[in-house]
There are 2 protein chains.
Amino acid sequence: MTVPAALVLITAKDARSAARHNLHTTSTSGLAPGHLQANLIILPSRYAADFRILCARNPVPCPLIAESTAVGRYDSVKSWIRGLQGNDILADGCDIRTDSPRYMVYKDSRLEKASCSDITAEWTEDHVAFLIGCSYSFEAELTAAGLPPRHAVLHRNVAMYRTKVPLCPAGVFQGGTYVVSMRPYRKQDINLVRNITRKYGSTHGEPICWGWEALEDLGIRDIDDPEWGDAPLTIDGRRLGELRDDDAEEVPVFWGCGVTPQEAVMRAGLTGTVMAHAPGHMLVLDAIDKDIMEV
Amino acid sequence: MTVPAALVLITAKDARSAARHNLHTTSTSGLAPGHLQANLIILPSRYAADFRILCARNPVPCPLIAESTAVGRYDSVKSWIRGLQGNDILADGCDIRTDSPRYMVYKDSRLEKASCSDITAEWTEDHVAFLIGCSYSFEAELTAAGLPPRHAVLHRNVAMYRTKVPLCPAGVFQGGTYVVSMRPYRKQDINLVRNITRKYGSTHGEPICWGWEALEDLGIRDIDDPEWGDAPLTIDGRRLGELRDDDAEEVPVFWGCGVTPQEAVMRAGLTGTVMAHAPGHMLVLDAIDKDIMEV
């Protein structure tokens, strides 16, 4: 197996610096192994209270791990990020407006910029930033257990799908549904996969469902056509959907996904400027995954 | 409106004492106004860790407000109940084994006793008790706002329904779905009802859905045939379902229900003895509802 250039980014600071200077502009899967990666949602402050409740009511797809103070000047990250049991989750010198590889910008609920490299011009003193846990956190332990996620092995982005599973609404946030990420596993490995990922309660935890029959429950029409990320493949490069009717033991396994709050925000018809990371392109934190594992 | 005898039970201690001595054996709705009421689940200790995660992943239907220590002799309630921000939630002299009006007992996942008056014989040192928030908590404030729940006005039990909305699984707890409670409200009052109940995040919070179209989303076939509690009625005593096709403004409004964890436990195929309150027949706590409201 060749080691891709991206894996040279082994510290969180490396990863953020590369993103800031547009040297790394793709998925952050596998970067800075062991470091917490975060989904990012930035909202006008008037929506912050409802969003906080949305996360509290839907912790599996929307695990809120930190947020900025309600209204703050953008002086330093360290002064305005709180949460995560009182630890700083970002070191000095991080700029949340530049340090994700790619961002999305929405105005009045319409996409204005897809996949832009920074949001410095859009950030205002009225914005509140929320960091949401990411399932990349448990991938290192899955790999260490001999169960590496397929997309990491193939250097692809994880496949993400819209579902029909409803979120519990919160104030302005109504009508949202779960977004899920998918990793294929052999049926006999699912219990071990569940046991490993269960501990990562702040980063989506164990799968929400698995098996081909789960597609109907989730409302996913075509496993080979995810809404975000790359289409999933078998280890020998075939379409995953081809396995469905043969006797292969590999089945799709679905986790809650941090794109969920971004979708929920889009459905809420908010006014003003909303910003987010581009799916798969996370903010890499100095905190390590173990900091937020359940003991 | 006549005042039923039950409403004389105005303190939590009154309510528990009446339950203990089998003087009050029906729904606790409206008893000890302002006091927290709790759903009760008592499990063999080997299932406690998974159950705790089930609640953490599904806080809307399963809001865990307190639990007993892992393994404890049954000396006094005060010494073994913890949680709820460090406050005692039960006064001295409460016995969780006798102080709910009615209990259910399951052995090896099969119902052994429905609606029995105490569980003293079944309790062992290996059991762990969980207290789950109850939507009765927000009914006093709804009533104060001129929006009394229909079932309280008519002195009936709240209607509760199975749904097809999946719970996020946790360890042995798989295949569970939401149970919901229902209160009918006029369409123009729903925003106010949402705003009032949103604050009660530890006791199910705001509704999860509303309107006649919600029945299909939830998988409820007949609003007049709830799985638990009493069939809902219009204020003039008609079946609620009769309204569906006329131009009345009243629609069903659904909240997460604390019967959910009891259902999830039953579907998990546990071995050993599991105990719970009978639906609607809560444990009345000395803590007041405001103790667990979000500020």
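Calculation notes
Residues numbered from 1 in each chain as written. Chains lettered and ligands numbered in written order. Predicted model: local features only at pLDDT ≥ 70, side-chain atom pairs only at ≥ 80, totals over all residues. Heavy atoms only, no water. UniProt positions renumbered as here; feature names shortened; annotations may be inferred. Pairing = 2+ DSSP bridges. Helix = DSSP H or I, 4+ residues; strand = E, 2+ residues; numbered from the N terminus. Contact = heavy atoms within 4.5 Å. Axes fitted to C-alpha atoms, helices over the stretch in contact; angles between N-to-C directions. Buried < 20%, exposed > 50% of the residue type's maximum accessible area, 1.4 Å probe, protein only. Least-squares fit on C-alpha atoms with pLDDT ≥ 70 in both. 1 Å grid on protein atoms, 1.4 Å probe; cavity = no way out; pocket = protein on both sides within 12 Å on 5 of 7 lines; lining within 4 Å. Points joined across faces, edges and corners; volume = space filled by probe spheres on them. Nonpolar A, V, L, I, M, F, W, Y, C, P; charged D, E, K, R; others polar. Buried area = accessible area lost by both parts, 1.4 Å probe. Salt bridge = Lys/Arg side-chain N within 4 Å of Asp/Glu carboxyl O. Polar contact = N/O pair within 3.5 Å; in protein donor to acceptor, adjacent residues only side chain to side chain.

Entered under Sequence similarities (unreviewed entry) in the UniProt record, the comment concerning chain A runs "Belongs to the D-glutamate cyclase family."

All names here are of chain A. Taken in spatial order, the 4 strands of this open sheet run β7-β8-β10-β9, and their pairing is antiparallel. Each having just a single partner strand, β7 (159-166) and β9 (209-210) make up the two edges of the open sheet. In this structure, β9 lies alongside strand β10 (residues 250-256), joined through 2 bridges in antiparallel fashion. By the bridge assignment, Trp210 is partnered in β10 with Val253. Lying on the sheet, helix α6 (residues 190-198) is in contact with β8 (177-186), β9 and β10; it crosses β10 at an angle near 20°. This element, helix α8 (residues 260-267), spans β7 and β8 of the sheet and lies at about 155° to β8.

For helix α2 (residues 48-57) of chain B, the tally of buried residues reaches 7 of 10 residues, placing the bulk of the element in the interior. Along α2(B), the residues that are buried comprise Ala48(B), Asp50(B), Phe51(B), Ile53(B), Leu54(B), Cys55(B) and Arg57(B). Structurally, α2(B) contributes buried residues whose contacts are with α6 of chain A together with β1 (35-44), β2 (64-68), β6 (127-133) and α8 (260-267) of chain B.

Superposing chain B onto chain A takes a rotation of 180° plus a shift of 0.0 Å along the axis, which leaves an RMSD of 0.0 Å. Within this description, the copies of the chain are treated as partners about a two-fold rotation axis. In this assembly the copies share their binding face: 100% of the residues contributing to the interface of chain B also contribute to that of chain A.

With that out of the way, let us pick up the layout of surface pockets. When its volume is computed, the second largest pocket comes out at roughly 980 Å³. Elements represented by at least two residues in the lining of the second largest pocket include exactly β7, β8, β9 and α7 (214-218) of chain A together with β7 (159-166), β8 (177-186), β9 (209-210) and α7 (214-218) of chain B. For the lining of the second largest pocket, the class distribution of residues is 22 nonpolar, 8 polar and 6 charged.

Another aspect to go through is the interface of chain B and chain A. Taken together, the contact between chain B and chain A spans 23 residues of the former and 23 residues of the latter. When the buried area of chain B at its contact with chain A is split by residue, Arg57(B), Pro169(B) and Arg198(B) rank highest and sum to 27% of it. Where chain B meets chain A, there are 0 salt bridges. Here chain B and chain A share 10 residue pairs in polar contact (both at pLDDT 80 or more) between them.

Residues and elements named next belong to chain B. Read across the open sheet, the 4 strands follow the order β7-β8-β10-β9; overall the sheet is antiparallel. The sheet terminates laterally at β7 and β9, the two strands that pair on one side only. Relative to the sheet, helix α6 (residues 190-198) contacts β8, β9 and β10 (250-256), its axis offset from that of β10 by approximately 20°.

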